[in-house]
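# Understanding the architecture of this molecule
Each chain is listed here by its residues.
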Amino acid sequence: MQDALLDQLCGLARIELTADERGDFKAKFEGLLAFVEQVQTYAARETGDPSAPPLVFVDQLVPRKDVAERFEWPAGTRHDYRVPQVIAFSEDEG
Amino acid sequence: MRELLARSAHELLDAVESGAVDPVELLETQVEFAHEVDGALNAFIKIADPANASGDWQSPALGIPVADPTAPRQYTRLPYAAKDIFATRGIETTAGSQMLRGYLPPYDAHCVELLGQAGCGLIGKTNLDEFAMGSSGENSAYGDTHNPWHLDYVPGGSSSGSAAAVAALQAPLALGTDTGGSVRQPASFCGIVGYRPTYGSVSRRGLVAFSSSADQCAFFTRGSLDCALAMNTVSHPDALDSTCVPPADVDYFAEAQREVHWDKLRVGVIPAFMDSNKIDAPVLDCVKSAIKQMTDAGAQIVELDLPLLELSLPAYYIITAAECSSNLARYDGIRYGLGKDVPIEEIEGAGPSARHGADDKIGRGLGPAPSKDLLSHYISVRSHGFGAEVKRRILLGTYVLSAGYGEKYYDNARALRRDIRDGVMAAFQHVDVIATPTSPTLAFPLGARTQDPLKMYLADMCTVFVNLFGGCGISLPCGFGVDTRGTSLPVGLHLVAPPFHDSLLLRVAAQYESLTEWKYEAPAWITEKLKA
């Protein structure tokens with residue numbers, strides 16, 4: 001398992017691993033991936049094409065361009081941003 | 001009073017309803033005994049105070065008769081234990097993790113609420129694998145649980161403490177959760193009954209979520225009629241769980257007592273789960289004997305061809321890891337638990353992985369570091385709060401949901417789950433129940449598999465398909481097998497029925513219990529303690 005991939009996963013999961021944890025995790029993660037990889041035998045069975053190329057890991061999506069549009073509230077609209085109390089957790093609340 | 005603790009729940013209910021036993025005194029005796037034996041088992045994370053067992057923790061309805069005497073017989077006015085993953089108002093609920101240390105839920109889980117309304121008393125919160133991830137009871141931040149039959153063996157998991165508590169007569173009923181076999185497998189290892197109701201027949205409100213599409217509230221008892229009693233109490237609609245759609249007007253206890261016409265019962269057998277290359281010989285011998293008892297009684301055996309079940313384990317681990325990485329993203333140390341209720345510095349050096357060899361430094365080794373900003377606070381709390389197995393599953397889930405890999409893993413696993421469900425439901429056109437071993441092995445010694453997560457995952461090979469197709473399953477004691485060390489350990493028979501056929505499953509289970517000579521008797525050291 002590449003360090004860059006592990007770093008990326010840890011970043012996404014908001015987890016930091018120590019050096020000991022990294023070594024342990026990399027060793028065991030290879031086994032886990034081989035294990036879950038078995039679902040590909042099902043995909044090949046479904047598509048009937050065992051040689052279907054594996055999908056490529058995409059590390060970022062291409063951002064779409066923002067579209068700005070000005071919105072005018074109808075005249076006389078009242079804005080009330082207070083959040084209503086939906087659940088009273090105890091008798092002295094809500 | 002102490003000798004009553006060896007009785008089944010429905011026998012205790014008879015005694016309470018006849019007025020021969022005071023339910024509050026029964027609870028106090030049960031709590032006292034639970035304290036006495038828990039030093040050897042570590043089945044509980046918290047037990048009610050013996051000096052105040054019927055006090056602060058309990059519902060105001062404790063010991064009060066249920067108002068409607070014409071309602072179906074229910075689990076009422078009896079003590080019970082709950083896995084520490086069920087929210088209990090004002091009582092610390094940790095999910096076996098440092099992450100939730102100090103967390104006091106502001107509400108009760110639906111099951112806990114209903115049992116409280118039925119006058120039942122809570123004995124304590126039981127130990128578990130952290131966030132219900134594990135198959136041995138060795139992933140808890142609060143220490144390993146021990147198997148009451150042999151204290152140096154695992155009790156199974158993830159509902160390890162609930163299983164050990166019922167087997168050791170610390171409780172007549174314990175609540176657990178079953179996401180892939182977390183009630184049935186430990187029931188098999190501890191020689192008791194573990195029942196996983198149909199997904200949606202019991203509310204999941206108030207369960208700390210692991211994998212929302214597979215999690216289910218489930219029960220441990222010492223007989224299947226007691227599971228039926230519990231179902232009558234907790235299988236009710238809940239407006240706050242949209243997946244909870246229990247059938248109306250089912251009296252599970254009455255149904256479970258109806259006779260089975262064995263000559264009309266068709267029992268499905270899956271050859272892959274009866275293969276001596278995959279299932280240990282002592283387990284296979286016991287399960288084959290149990291099936292023979294049913295055929296001797298007249299049942300018809302039908303071999304089922306379900307090849308996709310071989311892929312159910314990887315599909316299960318993809319789906320549940322994906323859901324776990326999403327569900328556990330909420331633990332950020334801002335609103336509850338570690339980082340809010342308890343400072344990170346307090347847990348340094350502790351943790352679920354701090355016991356077995358090379359894992360000593362896994363999970364807790366970062367040392368407290370002051371958080372400079374919000375992101376570093378999140379990272380610090382999550383890195384210290386989660387144990388090694390939870391981190392592994394979060395990272396696996398993050399991986400299988402990553403852009404590009406989502407289709408390869410997660411979508412394939414979901415499609416596979418759909419086809420497994422279709423295949424199993426088609427099989428139920430030809431059989432009434434399916435019989436398999438509950439676990440491919442006997443219980444194993446503590447520490448034997450902690451270094452090999454894949455071997456640990458195989459413990460669920462016969463049970464996960466039930467969670468994938470959303471049906472119901474029960475593990476029943478069917479004998480004892482001897483392992484390679486010469487230790488005699490319990491074996492479980494696993495029966496499975498289609499979704500919402502729980503009453504049929506409990507009925508077949510109860511009738512099987514009347515066929516077999518395997519009646520629950522506690523380990524000798526427990527019985528001696530009871531007499532002391």
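Residues numbered from 1 in each chain as written. Chains lettered and ligands numbered in written order. Predicted model: local features only at pLDDT ≥ 70, side-chain atom pairs only at ≥ 80, totals over all residues. Heavy atoms only, no water.

Turning to the overall build of chain B, a few remarks are in order. Across its full length, chain B carries 16 helices and eleven strands. Compactness check: chain B gives a C-alpha radius of gyration of 22 Å against a globular reference of 24 Å for 532 residues, within 12% of the reference. For chain B, the spread of C-alpha atoms along the three principal axes comes to 70 × 55 × 50 Å. Per-residue burial over chain B gives 65% buried out of 532 residues. Counting contacts in chain B only where the partners sit at least 6 residues apart, residues at least 24 apart contribute 77% of the total. Counting 43 positive and 62 negative side-chain charges, chain B places the averaged centre of each group 4 Å from the other. (Helix = DSSP H or I, 4+ residues; strand = E, 2+ residues; numbered from the N terminus. Rg over C-alpha atoms; globule rule 2.2 N^0.38 Å. Buried < 20%, exposed > 50% of the residue type's maximum accessible area, 1.4 Å probe, protein only. Contact = heavy atoms within 4.5 Å. Lys, Arg positive; Asp, Glu negative; His and termini not counted. Charge placed at Lys NZ, Arg CZ, Asp CG, Glu CD.)

All right, on to the overall build of chain A then. Within chain A, the secondary structure is distributed over three helices and zero strands. The order of α-helices and β-strands along chain A, N terminus first, is α-α-α. Burial statistics for chain A: of 94 residues in total, 21% are counted as buried. Split by element, the accessible area of chain A, about 7,600 Å² in all, is 55% carbon and sulfur. (Areas by Shrake-Rupley, 256 points an atom, 1.4 Å probe, with all protein chains shown as cover.)

Between helix H1 (residues 3-13) of chain A and helix H11 (residues 388-400) of chain B, the least distance of the axes is 9 Å, while the angle of their chain directions is 100°. Judged by the angle between their axes, H1 of chain A and H11 of chain B are roughly perpendicular. Side by side, H1 of chain A and H11 of chain B meet where Leu5, Leu6, Leu9, Cys10, Leu12 and Ala13 of chain A of the first sit next to Ile394, Leu395, Thr398 and Tyr399 of chain B of the second. Here the contact of H1 of chain A with H11 of chain B is built from residues that sort into nine nonpolar, one polar and no charged. (Axes fitted to C-alpha atoms, helices over the stretch in contact; angles between N-to-C directions. Parallel < 35°, antiparallel > 145°, perpendicular 65-115°, else oblique. Nonpolar A, V, L, I, M, F, W, Y, C, P; charged D, E, K, R; others polar.)

In this section: the confidence of the model for chain B. Caution is warranted with low-pLDDT regions, since their predicted coordinates should not be read in detail. Residues and elements named next belong to chain B. Looking at chain B as a whole, the pLDDT averages 90, with 95% of positions reaching at least 70. The low-confidence segment residues 350-369, where pLDDT is below 50, has 66 contacts with residues more than four positions distant or belonging to other chains. Scored by ipTM, the complex comes to 0.84, with pTM at 0.88. (pLDDT = per-residue confidence, 0-100.)

Further remarks concern the pairing of strand S8 (residues 300-303) of chain B. Residue and element names in this part refer to chain B. When strand S7 (residues 266-269) meets S8, the two strands line up parallel, connected through four bridges. Counterpart to Val267 in the pairing with S8 is Ile301. With respect to chirality, the unit in which S7 leads through helix H8 (residues 281-296) into the neighbouring parallel S8 is right-handed. (Pairing = 2+ DSSP bridges. Right-handed = clockwise from strand over helix to strand, strands pointing away.)

One finds Tyr80, Phe86, Phe131 and Phe219 of chain B to be the most contacted residues of the largest nonpolar core, which totals 191 residues. Not counting chain neighbours up to four residues away, the residues in contact with Phe86 of chain B comprise Thr93, Ala109, Cys111, Val112, Lys125, Leu175, Gly176, Thr177, Gly206, Leu207 and Cys217 of chain B. (Core = buried A, V, L, I, M, F, W, Y, C linked by side-chain atoms within 4.5 Å.)

Further remarks concern the sheet that holds strand S11 (residues 488-497) of chain B. Residue and element names in this part refer to chain B. The mixed open sheet is built from eleven strands, whose spatial order is S1-S3-S2-S4-S6-S5-S10-S11-S9-S7-S8. Every interior strand has two partners, whereas the edge strands, strand S1 (44-47) and S8, have only one. Neighbour-to-neighbour, the strand axes of the sheet open up by a mean angle of 30°, direction not taken into account. Sheet strands in contact with H8 are S7, S8, strand S9 (433-437), strand S10 (472-482) and S11, and its direction is about 50° off that of S11.

Next up on the list: the packing of aromatic side chains. Residue and element names in this part refer to chain B. The tally for this structure, following the rule as stated, stands at 20 aromatic pairs over all chains. Consider the rings of Tyr317 and Tyr457, whose centres lie 4.0 Å apart with planes at 15°: the pair is stacked. In this pair, Tyr317 sits in helix H9 (residues 312-327) while Tyr457 sits in helix H13 (residues 453-457), placing the two residues 140 residues apart along the sequence. Comparing Tyr317 with Tyr457, the two get one shared label, buried. Aromatic rings pair up to connect Tyr103, Phe131, Tyr331, Tyr336 and Phe386 into one cluster. Directly above the ring of Phe444 sits Arg449, whose terminal nitrogen or CZ lies 4.2 Å from the centroid. (Phe/Tyr/Trp six-rings, centres within 6.5 Å; stacked < 30°, edge-to-face > 60°. Lys NZ or Arg CZ within 6 Å of the ring centre and 35° of its normal.)

The next point concerns helix H12 (residues 405-427) of chain B. Taking 1.5 Å per residue, 23 residues should reach 33 Å; H12 of chain B reaches 32 Å between its end C-alpha atoms and fits that length. At Asp411 of chain B, H12 of chain B is deflected by roughly 25°, the largest bend along its length. (Expected span 1.5 Å × (residues − 1). Bend = angle between axes of the 7 residues up to and from the residue.)

We now examine the pairing of S7 of chain B. In this sheet, S9 of chain B lies alongside S7 of chain B in parallel orientation, the contact comprising three bridges. Bridging across to S9 of chain B, Val267 of chain B finds its partner in Val433 of chain B.

So, about the side chain of Gln185 of chain B. Residues and elements named next belong to chain B. By the element assignment, Gln185 lies in helix H5 (residues 184-190). What makes Gln185 buried here is its relative accessible area of 0%. Not counting chain neighbours up to four residues away, the residues in contact with Gln185 comprise Ser135, Gly156, Gly157, Thr438, Ser439, Ala459 and Asp460.

A few words on the environment of Thr233 of chain B. Residues and elements named next belong to chain B. Locating Thr233 in the fold gives a position in helix H6 (residues 224-234). Classification of Thr233 as buried rests on a relative accessible area of 2%. Sequence separation of Thr233 and Cys111 is 122 residues, and the distance between their C-alpha atoms is 8.4 Å. Once residues lying within four places of it in the same chain are set aside, the contact partners of Thr233 are Gln74, Tyr75, Leu114, Leu115 and Ala118. One polar contact links the side chain of Thr233 to the main-chain amide nitrogen of Tyr75, over a distance of 2.8 Å. (Polar contact = N/O pair within 3.5 Å; in protein donor to acceptor, adjacent residues only side chain to side chain.)

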